[in-house]
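Structural overview
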Amino acid sequence: MARPAVGDAWSLVITGKHWRALRTHLFPGDEDEHGAVLRCGIARSSRGTRLLVRDVVMATDGIDYVEGDRGYRKLTAQFVADNIDVCAGQGLAYVAVHNHGGADRVSFSRTDMASHERSYPALLDINEGVPVGAVVFASGAIAGDIWTS
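One structure accompanies this document, and this report is about it. (Residues numbered from 1 in each chain as written. Predicted model: local features only at pLDDT ≥ 70, side-chain atom pairs only at ≥ 80, totals over all residues. Heavy atoms only, no water.)

With that settled, the discussion passes to the packing of aromatic side chains. Taken as a whole and assessed by the stated rule, the structure comprises 2 aromatic pairs. Pairing W19 with F137 gives two aromatic rings, centres 5.4 Å apart and planes at 40°, and the pair type is tilted. With W19 in helix α1 (residues 16–26) and F137 in strand β7 (residues 132–138), this pair connects stretches of sequence that are 118 residues apart. For W19, a relative accessible area of 28% puts it in the partly exposed group. Measuring from centroid to centroid gives 6.1 Å for Y120 and W147, while their planes differ by 90°, and the two rings are edge-to-face. Note that Y120 is positioned in helix α3 (residues 110–126) and W147 in strand β8 (residues 141–147), a separation of 27 residues in sequence. The pair formed by Y120 and W147 is uniform in burial state, with each residue classed as buried. (Phe/Tyr/Trp six-rings, centres within 6.5 Å; stacked < 30°, edge-to-face > 60°. Helix = DSSP H or I, 4+ residues; strand = E, 2+ residues; numbered from the N terminus. Buried < 20%, exposed > 50% of the residue type's maximum accessible area, 1.4 Å probe, protein only.)

Structure representation (structure tokens):
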């Protein structure tokens, strides 16, 4: 289980409707972090691999997206399990989402990356090798981390 090589072209494609809903959820004006999961189809071509957002599942603050024990916030195990099960059943990529502050730059924190290292190998197994990953947003930037078999 590994990440794609640097230079492999991956992109995330989202409809305007899904983007507006996700952006409203992540940036409601409270300057806090919020979470969601994207369930994505996969399209491969000579131009690279595109993750095609089919569903945006918002994590409800305080229920699905809660105070973290190692970091600031986290998706609950039940929310992750429910979504990875749907992805596995439909052959979809699983992409966890959260936001950070800032505008034109964003990156995963060390805590975020440690979480990926701990959990994504198991999620990749549950998802039968279909990619799993995460994206983090700032108001005008996005960063991603994708895992493949």
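We are not done yet, so read on.
Here we come to the pairing of strand β2 (residues 35–45). Counting buried residues in β2 gives 8 out of 11 residues, a clear majority hidden from the surface. As paired strands, β2 and strand β6 (residues 93–99) are joined by 6 bridges and run antiparallel to one another. The residue of β6 that forms the bridge with C40 is A93. Relative to strand β3 (residues 48–58), β2 runs antiparallel, the two sharing 10 bridges. (Pairing = 2+ DSSP bridges.)

Further remarks concern the side chain of T49. Mapping T49 onto the fold places it in strand β3. Every residue in contact with T49, bar those within four places of it in the chain, is listed here: A9, W10, S11, I42, A43 and R44. (Contact = heavy atoms within 4.5 Å.)

A few words on the nonpolar core. As a rule of thumb, nonpolar side chains are buried together in soluble globular proteins. L75, Y94, Y120, L123 and V132 are the most contacted members of the largest nonpolar core, which has 24 residues in total. Among the secondary structure elements, those contributing two or more residues to this core are α2 (77–90), β6, α3, β7 and β8. Filtering out sequence-adjacent residues up to four positions away, Y94 remains in contact with V37, L38, L75, V80, N83, I84, C87, L123, N127, P131, V132 and G133. Listed in part, the 15 residues of the second largest apolar core include A36, L38, V53 and V130. (Core = buried A, V, L, I, M, F, W, Y, C linked by side-chain atoms within 4.5 Å.)

With that out of the way, let us pick up unusual backbone geometry. In this structure, E31 takes a positive phi of about 60° despite not being glycine. With respect to the element layout, E31 can be found in the loop between α1 and β2. The backbone of E128 sits at a positive phi, close to 55°, despite the residue not being glycine. Tracing the chain through its elements places E128 in the loop between α3 and β7.

In the structure shown here, the tally under the stated rule is 3 salt bridges. Of the charged contacts in the structure, one is a salt bridge between D32 and R73, with a shortest N-O distance of 2.9 Å. Pair noted here: D32 is in the loop between α1 and β2 and R73 is in strand β5 (residues 73–75), with a separation of 41 residues, a long-range link. Taking the relative accessible area as the measure of exposure, D32 reaches 22% and is therefore partly exposed. Between K74 and D69 there is a salt bridge, and its shortest N-O distance comes to 2.5 Å. In this structure K74 comes out as partly exposed when scored by relative accessible area, which is 35%. (Salt bridge = Lys/Arg side-chain N within 4 Å of Asp/Glu carboxyl O.)

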